[in-house]
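Residues per chain, in single letters:
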Amino acid sequence: MLELIPGPIIAIVATLIGVLLAADFLLRPGRARQGAGPVMAAVAFIAVPGLVLTIGAERHIGMSKKTEFCLSCHEMHPHGSTLLDAETLAGKHFANRYVPREQACYTCHTEYTMYGGLSAKMKGLQHLLVHYSGGPADPIKTYDPYKNRECLHCHEGAASFDEAIGHGDEIESFRADTVSCLECHKPAHGVEAGEVTKAYRGEKQFDLPQVGAKDGAH
Amino acid sequence: MSAKNPATLIRLGAFSVIAGELIAFASQLDVGPTPFVVFIVGGGVLTVGGALLALYGVLRSPAASA
């Protein structure tokens, strides 16, 4: 039922109810222990704020899967620009719509930062700290070698994958990550050393894909 | 208007909850790490802190006599 209602409307209604209930206590604090006061206090200060924050967290985590979110940081612009370069693996996926353009980064980096376990979330917070304080590593590297799982969850079983030379013989090696897909299919992004720093400092501008609301229009 | 006055605690807490909820909502209008930080630090801390303060004030309020 709730998924039929757009997220922004739920957020607006919940916030409005929360503000009105809290405003009532702001103006009439004396009613806190009168009649239904304690129950209303529990609703105003526990239930509704909990709901408002849960909705907000859900919406923020949902938005952080968007390409727009990743590319809002300048240091990610070099990687984002490779989505427009059909010579790179990322660019081929983007140009051919093998990945949804709205979630191009997240589709291939599913366990990155916020979306993994506790340690991944801590790394995500570390990224925020780096973004606002020191500056990113250059070149940017994933913490762990890229897992074939990210490729196989779409490609395994596809006719084009099964018929390609070498895939059928090596499938167990791919599953076990003893042979990386990237050994043959490279470069993934092809960002040169130094580009990340230039982007972070605003010394170089990069062309980025337009993946806003107008994407998919004629 | 003492800070230990239950009514003052409730008012301060309620004000903080209102501010926190509005900031939490406003942060959802933009996409990026900064709105996310604003949501956690501004919205989360103000709302939770204010709610705890208000509830403490409610608990310290004298019960109404019959």
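Residues numbered from 1 in each chain as written. Chains lettered and ligands numbered in written order. Predicted model: local features only at pLDDT ≥ 70, side-chain atom pairs only at ≥ 80, totals over all residues. Heavy atoms only, no water.

Draft legend 1. The arrangement of the overall build of chain A in detail. For chain A, the helix and strand inventory stands at eleven helices and zero strands. Secondary structure elements of chain A, listed N to C terminal, follow the sequence α-α-α-α-α-α-α-α-α-α-α. A compact globule built from 218 residues would reach a C-alpha radius of gyration of about 17 Å, whereas chain A, at 23 Å, exceeds it by more than 25%. For chain A, the spread of C-alpha atoms along the three principal axes comes to 75 × 45 × 40 Å. Split into buried and exposed, the 218 residues of chain A put 33% on the buried side. Taking the contacts inside chain A whose residues are at least 6 apart along the sequence as the reference set, 61% of them involve residues at least 24 apart. Accessible area of chain A: about 13,000 Å², with a carbon and sulfur share of 61%. Taken as two groups, the 20 positive and 25 negative side-chain charges of chain A have centres that lie 11 Å from each other. (Helix = DSSP H or I, 4+ residues; strand = E, 2+ residues; numbered from the N terminus. Rg over C-alpha atoms; globule rule 2.2 N^0.38 Å. Buried < 20%, exposed > 50% of the residue type's maximum accessible area, 1.4 Å probe, protein only. Contact = heavy atoms within 4.5 Å. Areas by Shrake-Rupley, 256 points an atom, 1.4 Å probe, with all protein chains shown as cover. Lys, Arg positive; Asp, Glu negative; His and termini not counted. Charge placed at Lys NZ, Arg CZ, Asp CG, Glu CD.)

Draft legend 2. Structural detail: the side chain of A:Ser81. Residues and elements named next belong to chain A. Tracing the backbone through its elements, the reader meets Ser81 in helix 4 (residues 77-81). Of the residues examined, Ser81 reaches a relative accessible area of 18% and is grouped as buried. There is a polar contact of 2.7 Å between the side chain of Ser81 and the backbone oxygen of Pro78. Other than its neighbours up to four places away in sequence, Ser81 contacts Phe206, Asp207 and Leu208. (Polar contact = N/O pair within 3.5 Å; in protein donor to acceptor, adjacent residues only side chain to side chain.)

Draft legend 3. Region of interest: the packing of aromatic side chains. Residues and elements named next belong to chain A. Evaluation of the coordinates by the stated rule reveals two aromatic pairs over all chains. Sitting over the ring of Phe25, Arg31 keeps its end group 5.0 Å from the ring centre. Taking the ring centre of Phe94 as reference, the NZ or CZ of Arg101 above it sits at 4.9 Å. (Phe/Tyr/Trp six-rings, centres within 6.5 Å; stacked < 30°, edge-to-face > 60°. Lys NZ or Arg CZ within 6 Å of the ring centre and 35° of its normal.)

Draft legend 4. Quick look at the domain arrangement of chain A. With domains assigned, chain A is organised as domain 1 (2-63) and domain 2 (77-215). A straight line from the C-alpha centre of domain 1 of chain A to that of domain 2 of chain A covers 39 Å. (Domains from an automatic or database assignment.)

Draft legend 5. Geometry of helix 10 (residues 167-175) of chain A. Residues and elements named next belong to chain A. Those residues of helix 10 not exposed but buried are His167, Ile171, Ser173 and Phe174. Buried residues along helix 10 sit in contact with helix 8 (149-155) and helix 9 (159-163). Where helix 10 ends, the next residue or the one after it, Asp177, has phi of about 65°, a positive value.

Draft legend 6. Looking closely at the pattern of salt bridges. All names here are of chain A. Tallied over the entire structure, the rule returns seven salt bridges over all chains. Residue Asp24 pairs with Arg28 through a salt bridge whose shortest N-O separation is 2.9 Å. With relative accessibility at 48%, the residue Arg28 sits in the partly exposed group. We note a salt bridge from Glu195 to Lys198, for which the minimum N-O separation is 3.8 Å. (Salt bridge = Lys/Arg side-chain N within 4 Å of Asp/Glu carboxyl O.)

Draft legend 7. Spotlight on empty space enclosed by the protein. In this structure the tally under the stated criterion is one cavity of 30 Å³ or more. Quantified by volume, the largest cavity comes out at close to 30 Å³. Lining the largest cavity are A:Ala11, A:Ala14, A:Thr15, A:Val52, A:Ile55, A:Gly56 and B:Gln28. Looking at the lining of the largest cavity, the elements with two or more residues in it are helix 1 (7-27) and helix 2 (37-63) of chain A. Here the lining of the largest cavity is composed, by residue class, of four nonpolar, three polar and no charged. (1 Å grid on protein atoms, 1.4 Å probe; cavity = no way out; pocket = protein on both sides within 12 Å on 5 of 7 lines; lining within 4 Å. Points joined across faces, edges and corners; volume = space filled by probe spheres on them. Nonpolar A, V, L, I, M, F, W, Y, C, P; charged D, E, K, R; others polar.)

Draft legend 8. Structural view of the packing of helix 2 of chain A against helix 2 (residues 33-60) of chain B. Between helix 2 of chain A and helix 2 of chain B, whose axes approach to 10 Å, the crossing angle comes to 170°. In terms of their interaxial angle, helix 2 of chain A and helix 2 of chain B are classed as roughly antiparallel. For the pair formed by helix 2 of chain A and helix 2 of chain B, the contact residues are A:Ala41, A:Phe45, A:Ile46, A:Pro49, A:Leu53, A:Gly56, A:Ala57, A:His60 and A:Ile61 on the first element and B:Pro35, B:Phe36, B:Phe39, B:Gly43, B:Gly44, B:Thr47, B:Val48, B:Ala51, B:Ala54, B:Leu55 and B:Val58 on the second. For the contact of helix 2 of chain A with helix 2 of chain B, the per-class residue count stands at 15 nonpolar, five polar and no charged. (Axes fitted to C-alpha atoms, helices over the stretch in contact; angles between N-to-C directions. Parallel < 35°, antiparallel > 145°, perpendicular 65-115°, else oblique.)

Draft legend 9. Just the confidence of the model for chain B, in detail. When pLDDT is averaged along chain B, the result is 89; 91% of the residues meet or exceed 70. In the predicted complex, the global pTM is 0.78; the interface-specific ipTM is 0.89. (pLDDT = per-residue confidence, 0-100.)

Draft legend 10. Up close: the interface of chain A and chain B. Contacts between the two partners involve 35 residues from chain A, matched on the other side by 35 residues from chain B. Across the chain A to chain B interface the summed buried area is about 3,000 Å²; carbon plus sulfur atoms make up 78%. Of all residues in chain A, A:Arg33, A:Phe45 and A:His60 give up the largest surface area on contact with chain B, accounting jointly for 23% of the area buried on that side. Our count for the chain A to chain B interface comes out at zero salt bridges. Linking chain A to chain B there are five residue pairs in polar contact (both at pLDDT 80 or more). Contributions of two or more residues to the side of chain A that touches chain B are made by helix 1, helix 2, helix 3 (67-70) and helix 7 (118-132) of chain A. Broken down by element, the residue count for the side of chain A that touches chain B peaks at 14 residues, all from helix 2 of chain A. Looking at side-chain class alone, the side of chain A that touches chain B contains 26 nonpolar, six polar and three charged residues. (Buried area = accessible area lost by both parts, 1.4 Å probe.)

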